[in-house]
Amino acid sequence: MTLTKDAGQAAKVASNKKSEFNTRLRASFQQLLAFASLLALVLFFSVASSNFYQAANLSNILLSTVVTGLLALGTTFVIITGGIDLSIGTGMTLCSVMTAVFMTQMGMPMIVGVLCGVLFGALMGGINGFLVAVMKIPPFIATLAMMMVAAGLALVISGTKPIYTNEIAGFQKIFALGKSIPGLVIPNAVFILFAAAIIAGLLLSKSILGRYTYSIGSNEQATALSGVNVKKWTVLIYTVAGCFTGLAGVVAAARLNSAQPAGGAGLELQAIAAVVIGGTSLAGGKGSIIGTVIGALIMSVLTNGLSIMSIPQEWQQVAVGVVILLAVYLDMVRRKKATN
């Protein structure tokens, strides 16, 4: 009887290992597919227009990826939990305004003002997490309300006027041209994006925060029954996601050398699209930072390539919408195959 029990346990362990291997294999395949799609887009636009594959344009693509990419990094955590965050676009704008206020009106040193801007994003994320986890408001409604609150506060605090940061020494260097490699100049903001991606990747794959992020998204009830304080960790996950929103706000203000209180609307959709295109499941429990970065690059290459080909703005929006629909459909197909 003992032998039978041991054999059953061994079979169960082997089955779990096989399932884990299959999950990792599917995730790797999704990342490879996203990367192949990125390469295909680059090749297509390079053939379609001689202006695409030039150093200046490639630098522009990287620049246009930074803000959306930073927002997408934080959104990856939220979507893996099975949630959504619609407030990141206007939240980024509010963080830009607050960063400018900290430095120009409160007289904070540049480094302190930047740190406070990031922490303000964390505060917004924490409030979102509290509304979702503690007050049990659906993420869609909670973050939609926060989106409207952030948009209004940005206008109120700024007096509906841009707040210029020209007098803040060194602030614009956050986004300015940085290191050069043969034939290509890479702005500092791009290095910030990739550094943030590395940090996000380590958090998601190597920390207890990442483990609970996946666990909550896979089965929140089972996670709670295993003794995990789901409410606390959900608030913390949203707070960490808010840090990336705050960082995006700082970078956006540095890019324009001012805080523009009326911007940010629509960026949340681009960030969510980048996350989904990168292979993160809207149902939760699956996703990766590498996939998100690739998804953000795909979005930038697509819009840039269409602009280079002189495709009207309205048709660019149609193309992006089709890509989003395709990505969501493929996610549904993957989930259906995984359950069969």
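Conventions we followed
- Residues numbered from 1 in each chain as written.
- Predicted model: local features only at pLDDT ≥ 70, side-chain atom pairs only at ≥ 80, totals over all residues.
- Heavy atoms only, no water.
- Helix = DSSP H or I, 4+ residues; strand = E, 2+ residues; numbered from the N terminus.
- Buried < 20%, exposed > 50% of the residue type's maximum accessible area, 1.4 Å probe, protein only.
- Contact = heavy atoms within 4.5 Å.
- Areas by Shrake-Rupley, 256 points an atom, 1.4 Å probe, with all protein chains shown as cover.
- Axes fitted to C-alpha atoms, helices over the stretch in contact; angles between N-to-C directions.
- Parallel < 35°, antiparallel > 145°, perpendicular 65-115°, else oblique.
- Left-handed = near helix turned anticlockwise from the far one by under 90°.
- Nonpolar A, V, L, I, M, F, W, Y, C, P; charged D, E, K, R; others polar.
- Phe/Tyr/Trp six-rings, centres within 6.5 Å; stacked < 30°, edge-to-face > 60°.
- Expected span 1.5 Å × (residues − 1).
- Arc of directions from axis to C-beta.
- Polar contact = N/O pair within 3.5 Å; in protein donor to acceptor, adjacent residues only side chain to side chain.
- Patch = residues over 30% accessible without salt bridge, like charges linked within 9 Å, V, L, I, M, F, W, Y side chains within 5 Å.
- Salt bridge = Lys/Arg side-chain N within 4 Å of Asp/Glu carboxyl O.

*Asks:* Any chance you could break down the overall build of the chain for me, citing the residues and the numbers?
*Replies:* A count of helices and strands for the chain gives 12 helices and four strands. Among the 340 residues that make up the chain, the fraction classed as buried is 46%. Within the chain, contacts between residues at least 6 apart in sequence are counted, and of these 77% link residues at least 24 apart. For the chain, the exposed surface amounts to about 17000 Å²; the carbon and sulfur share of it is 69%.

*Asks:* Could you give me a rundown of the packing of helix 2 (residues 55–80) against helix 6 (residues 188–206), with the residues and numbers involved?
*Replies:* Orientation of helix 2 relative to helix 6, taken along the N-to-C sense of each, is 15°, at an axis distance of 9 Å. Judged by the inter-axis angle, helix 2 sits roughly parallel to helix 6. The chirality of how helix 2 crosses helix 6 is left-handed. Of the residues in helix 6, those touching helix 2 at Leu62, Leu63, Thr65, Val66, Gly69, Leu70, Leu73, Thr76, Phe77 and Ile80 are Ala189, Val190, Leu193, Ala196, Ala197, Ala200, Leu203 and Leu204. The class makeup of the residues in the contact of helix 2 with helix 6 is 15 nonpolar, three polar and no charged.

*Asks:* Could you give an account of unusual backbone geometry, naming the residues involved and the relevant values?
*Replies:* The backbone phi angle of Lys136 is positive, close to 60°, even though this residue is not glycine. One can find Lys136 in the loop between helix 4 (110–133) and helix 5 (139–158). With a phi angle near 55°, Asn257 is a residue other than glycine that sits in the positive phi range. Structurally, the position occupied by Asn257 is in the loop between helix 9 (230–256) and strand 4 (258–259).

*Asks:* Explain the packing of aromatic side chains to me, using residue names and the numbers behind them.
*Replies:* In total, this model carries four aromatic pairs according to the counting rule given. Taken together, a centroid distance of 5.7 Å and an interplanar angle of 40° make the contact between Phe45 and Phe52 tilted. With respect to burial, Phe45 and Phe52 carry one shared label: buried. For the pair Tyr212 and Trp233, a centre-to-centre distance of 4.9 Å together with 70° between the ring planes defines the contact as edge-to-face. Of this pair, Tyr212 sits in helix 7 (residues 208–218) while Trp233 is found in helix 9, placing the two residues 21 residues apart along the sequence. Take Trp233: its relative accessible area is 12%, and that puts it in the buried class.

*Asks:* Describe helix 5, listing the residues and the values that go with them.
*Replies:* In this model, helix 5 (20 residues) spans 28 Å end to end at C-alpha, consistent with the 28 Å of a helix rising 1.5 Å per residue. Turning to helix 5, its buried residues number three or more, namely Ala142, Thr143, Met146, Met147, Ala150, Ala154 and Ser158. Buried residues of helix 5 fall within an arc of 140° about the axis and therefore sit on the same side. Of the residues in helix 5, the exposed ones pointing more than 90 degrees away from the buried face are Met148 and Val156. Looking at the buried residues of helix 5, the elements they touch are helix 3 (88–105), helix 4, strand 1 (163–164) and helix 10 (267–277). Within two residues after helix 5, Gly159 carries a phi angle of roughly 70°, on the positive side.

*Asks:* How would you sum up helix 11 (residues 289–308)? Please name residues and give values.
*Replies:* For helix 11, built from 20 residues, the straight-helix expectation of 28 Å at 1.5 Å per residue is met to within 8% by its first-to-last C-alpha distance of 28 Å. The element helix 11 is extensively covered by neighbouring structure, given that 16 of its 20 residues are classed as buried. The opening residue of helix 11 is Ser288, an N-cap whose side-chain oxygen sits 3.1 Å from the backbone nitrogen of Gly291. One or two steps after helix 11, the chain reaches Ser310, where phi turns positive at roughly 65°.

*Asks:* Requested: an account of a nonpolar patch on the surface, with residues and values cited.
*Replies:* Where nonpolar side chains cluster on the molecular surface, the patch consists of Val149, Leu153, Val156 and Ile157 and spans about 330 Å² of accessible area. Relative to the elements of secondary structure, Val149 occurs in helix 5.

*Asks:* Could you give me a rundown of the environment of Thr245, with the residues and numbers involved?
*Replies:* Structurally, Thr245 can be placed in helix 9. Residues Thr245 and Gly91, 154 residues apart in the sequence, show an inter-C-alpha distance of 6.9 Å. In contact with Thr245, other than residues within four places in its own chain, are Leu71, Ile88, Gly91, Met92 and Cys95.

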